[in-house]
Amino acid sequence: VGPILTGMFTDNSGSLNKFSFNAGAYIQLFNHKKLSMVNEISYTAKGLTEQDIVYIHSGAEMLKMNNNFRYLSASVLLNYKFTKNNELLLYSLLGPRVDIKMDNFDSHKLNSFQIQNKRFEFGGIFGLGIEFNSGLMFEFRFEPNFTKTYSYQSEFTSYSYRHSTLTLLAGLNFRSLY
């Protein structure tokens with residue numbers, strides 16, 4: 001469970017950031033001294049806060065919009081353990097991620113186009129973690145998306161968005177409790 005900073009990267013204007021959350025569970029398989037495989041499933045909220053000029057019937061107006069996207073995510077990660085002693089374990093994570101966009105929310109309902117839900121997006125996970133002997137663990141991850149969340153094109157402009165997140169997770173390894 002942990003907070004994430006979502007950056008939506010566009011084709012033409014850089015990143016737009018928003019704090020959000022992630023909650024999930026994992027199972028570790030083939031747990032060898034230096035290497036293991038981690039299978040995860042999580043519920044993740046991503047999105048953006050954007051200020052933009054919107055043209056409406058009465059003229060131009062500056063609006064702040066919140067677009068939120070909710071995902072069910074699954075990943076298969078390679079976990080490489082750098083060091084382990086009686087007190088802590090340092091490790092890295094690397095692998096692919098598949099997201100299913102469950103729904104989206106536009107705070108102003110201004111999008112003149114539909115953002116398609118129930119579609120797959122593909123990305124990756126690159127992370128570093130630390131686990132204490134008590135089972136308490138922390139991870140820092142960069143999670144880029146390789147596919148676009150949505151694209152927009154009109155006679156005046158076109159752009160596309162894709163999510164990339166910086167994630168700080170805190171968790172508990174139940175194996176260490178027994």
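Nothing here was measured: the structure is a model prediction, and the numbers come from that model.

A.B. asks: So, the overall build of the chain: which residues are in play, and what are the values?
C.D. replies: Each helix and strand in the chain was counted, giving zero helices and nine strands. When its helices and strands are written in sequence order, the chain yields β-β-β-β-β-β-β-β-β. Residue burial in the chain is summarised as follows: out of 178 residues, 38% are buried. Taking the intrachain contacts of the chain between residues at least 6 apart in sequence as the baseline, contacts between residues at least 24 apart amount to 59%. For the chain, the exposed area adds up to about 10,500 Å²; of that, 62% sits on carbon and sulfur atoms.

A.B. asks: Any chance you could break down the side chain of Asn79 for me, citing the residues and the numbers?
C.D. replies: Within the secondary structure, Asn79 sits in strand 4 (residues 59-84). Here Asn79 is in contact with Gln28, Lys34, Leu35, Ser36, Val38, Tyr91, Ser92 and Leu93, once residues within four sequence places are set aside.

A.B. asks: Lay out the confidence of the model for the chain with the relevant residues and their values.
C.D. replies: Residues at a pLDDT of 70 or more form 65% of the chain, whose mean pLDDT is 77. Looking over the chain, one finds the lowest element-wise mean pLDDT in strand 1 (residues 2-10), namely 51, and the highest in strand 6 (residues 120-132), namely 94.

A.B. asks: Could you give an account of the environment of Thr167, naming the residues involved and the relevant values?
C.D. replies: Inspection of the secondary structure puts Thr167 in strand 9 (residues 158-172). A polar atom in the side chain of Thr167 sits 3.4 Å from the side chain of Thr165.

A.B. asks: Please provide a residue-by-residue account of the pairing of strand 7 (residues 136-144), values included.
C.D. replies: Both strand 6 and strand 7 contribute to a ladder of six bridges, which runs antiparallel. In the strand pairing of strand 7, Leu128 is matched with Phe140.

A.B. asks: Break down unusual backbone geometry for me, with residues and values.
C.D. replies: Phi is positive for Phe30, which is not a glycine, with a value near 50°. Looking at the secondary structure, you find Phe30 in the loop between strand 2 (15-29) and strand 3 (35-56).

A.B. asks: How would you sum up the environment of Leu72? Please name residues and give values.
C.D. replies: As for its position among the elements, Leu72 is in strand 4. With relative accessibility at 35%, the residue Leu72 sits in the partly exposed group. Along the sequence, Leu72 and Ile100 sit 28 residues apart, while their C-alpha atoms lie 5.3 Å from each other. In this view, Leu72 contacts Ile41, Ser42, Val98, Asp99, Ile100 and Met102; residues no more than four positions away in its chain are not counted.

Cut-offs and rules
Residues numbered from 1 in each chain as written. Predicted model: local features only at pLDDT ≥ 70, side-chain atom pairs only at ≥ 80, totals over all residues. Heavy atoms only, no water. Helix = DSSP H or I, 4+ residues; strand = E, 2+ residues; numbered from the N terminus. Buried < 20%, exposed > 50% of the residue type's maximum accessible area, 1.4 Å probe, protein only. Contact = heavy atoms within 4.5 Å. Areas by Shrake-Rupley, 256 points an atom, 1.4 Å probe, with all protein chains shown as cover. pLDDT = per-residue confidence, 0-100. Polar contact = N/O pair within 3.5 Å; in protein donor to acceptor, adjacent residues only side chain to side chain. Pairing = 2+ DSSP bridges.

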